[in-house]
Amino acid sequence: MPELPEVETICRGISQSILKRKISSVVIRNHKLRWPIPKNLPQVLSGQSIQTIKRRGKYILLETKIGTLIIHLGMSGNLRIKPKEHVFGKHEHVNIVFGDKLALCYNDPRRFGAILWTIKNPLEHALLKNLGPEPLERNFTAQYLFDRAKRCHAPIKQFIMNSKVVVGVGNIYANEALFAAKINPVQKANTITLKRYQLLTKKTKELLRYAIKHGGTTIKDYSDSQGRKGSFQNKLRVYGREGQFCINCKTKLACIRLGQRSTVFCPHCQIES
DNA sequence: ACTTCGACCTGTTGGC
DNA sequence: TGCCAACAGGTCGAAG
């Protein structure tokens, strides 16, 4: 479900409701996510309050004074703010209850997501310590990508979807960014010029900022912490449009498989060079 | 040190 | 209508 803009939207949405509020209880209905949820989480979290909320890539970091809750939404996960008393959804595995009114509800049908606890600096956690730069920060530059790509023979699409290269770019935004930068998704990362990487970094930043502004992309069932759908799906130019016509040149958009993911592109605008 | 592929899950859709 | 295969916003870790 969520790529960077969706996770960012969720972080912003939950912060208004839960920041500095005291956790009164934690209910776990199913421990089995990608990794088991720590059994002692209710005891550890109860009585604490969330001091800050951060995002690193697609990870949500809820920091308390004694440690940090690391949340990943996987493919189908979602976080919602609901009244404490509510009808539990079918896949609502965890509720973190704040005071006597609100609950932060983790719902994840496929259970590819994760909820972990660390008392260390979360950025040093095994899952986070090797992540690449944030695409919206200054250190995500064309020169960085160009240098990093020198030893990479993989197609550019897989290169930019690799979280060790850059975080937050999933299948939707990888397709869109490559279209915007007129790069063929199959082209080997190490054959792309610095100039082309300049266009790619610029377009990627624009795209992600624009998507955040629109509350993310709702293809099927993504919604934010208040249950609102995003609207960026109306701005997609290639993702989900295979067989339809390119908005620039009217060529029929092609669809191939790359690293087991659907890859849509315009064979005319995105020529290998 | 690289890339590729299976695995983890449930739900939905489209073809026969 | 039913059944089955393919696919879906992610990514780790084993195998090559």
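Let us look at the structure shown here. For clarity, every value in this text was computed on a predicted model and none was experimentally measured.

### As for the protein's contact with DNA strand C
Right, on to step 1. Not every one of the 26 residues close to DNA strand C is listed here, only the nearest: Arg34, Thr217, Lys220, Arg257 and Ser262.
Right, on to step 2. Taking all atoms of DNA strand C within 4 Å of the protein, the share assigned to sugar and phosphate is 55%.
Right, on to step 3. Between DNA strand C and Tyr59, the relevant distance is 3.2 Å, taken from a phosphate oxygen to a side-chain nitrogen or oxygen of the residue.
Right, on to step 4. Within the side chain of Arg257, a nitrogen or oxygen atom sits 2.3 Å from a phosphate oxygen of DNA strand C.

### Let's talk about the packing of helix H3 (residues 142–149) against helix H6 (residues 194–213)
Right, on to step 1. Running from N to C, H3 and H6 cross one another at 125°; their axes reach a closest spacing of 8 Å. In terms of axis orientation, H3 runs oblique to H6. Handedness of the crossing formed by H3 with H6: right-handed. For the pair H3 and H6, the contacting residues are Ala142, Gln143, Leu145, Phe146 and Ala149 in the first and Leu194, Tyr197, Gln198, Leu200 and Thr201 in the second.
Right, on to step 2. Here the contact of H3 with H6 is composed, by residue class, of 7 nonpolar, 3 polar and no charged.

### A look at the pairing of strand E6 (residues 92–98)
Right, on to step 1. For E6, a buried count of 7 out of 7 residues is recorded, marking the element as mostly surrounded by other parts of the structure.
Right, on to step 2. Taken together, the 5 bridges between strand E1 (residues 23–28) and E6 define a ladder with antiparallel strand orientation. Counted as the bridge partner of Ser25 is Val97 from E6.
Right, on to step 3. Sheet topology places E6 next to strand E7 (residues 102–107); 6 bridges connect them, and they run antiparallel. The partner of Val97 across the bridge, within E7, is Ala103.
Right, on to step 4. The turn linking E6 back onto E7 is made up of 3 residues, and Gly99 within it adopts a positive phi angle of 55°.

### Regarding the sheet that holds strand E5 (residues 78–83)
Right, on to step 1. One open sheet accounts for 4 strands, arranged E1-E6-E7-E5; its pairing is antiparallel. Each end of this open sheet is capped by a strand with a single partner; those strands are E1 and E5. Strand-to-strand twist in this sheet, taken as the mean axis angle between neighbours without regard to direction, amounts to 20°.
Right, on to step 2. The sheet contacts of helix H1 (residues 4–18) involve E5, E6 and E7, and relative to E5 the element is tilted by about 25°.

### With respect to the environment of Met161
Right, on to step 1. For Met161, the position within the fold is in helix H4 (residues 156–161).
Right, on to step 2. Take Met161: its relative accessible area is 22%, and that puts it in the partly exposed class.
Right, on to step 3. When the C-alpha positions of Met161 and Tyr173 are compared, they lie 9.1 Å apart, and in sequence the two are 12 residues distant.
Right, on to step 4. Each residue touching Met161, except ones within four places of it in the same chain, is listed here: Val169, Gly170, Asn171, Ala174 and Arg261.

Thresholds applied
- Residues numbered from 1 in each chain as written.
- Chains lettered and ligands numbered in written order.
- Predicted model: local features only at pLDDT ≥ 70, side-chain atom pairs only at ≥ 80, totals over all residues.
- Heavy atoms only, no water.
- Near = heavy atom within 4 Å.
- Polar contact = N/O pair within 3.5 Å; in protein donor to acceptor, adjacent residues only side chain to side chain.
- Axes fitted to C-alpha atoms, helices over the stretch in contact; angles between N-to-C directions.
- Helix = DSSP H or I, 4+ residues; strand = E, 2+ residues; numbered from the N terminus.
- Parallel < 35°, antiparallel > 145°, perpendicular 65-115°, else oblique.
- Left-handed = near helix turned anticlockwise from the far one by under 90°.
- Contact = heavy atoms within 4.5 Å.
- Nonpolar A, V, L, I, M, F, W, Y, C, P; charged D, E, K, R; others polar.
- Buried < 20%, exposed > 50% of the residue type's maximum accessible area, 1.4 Å probe, protein only.
- Pairing = 2+ DSSP bridges.

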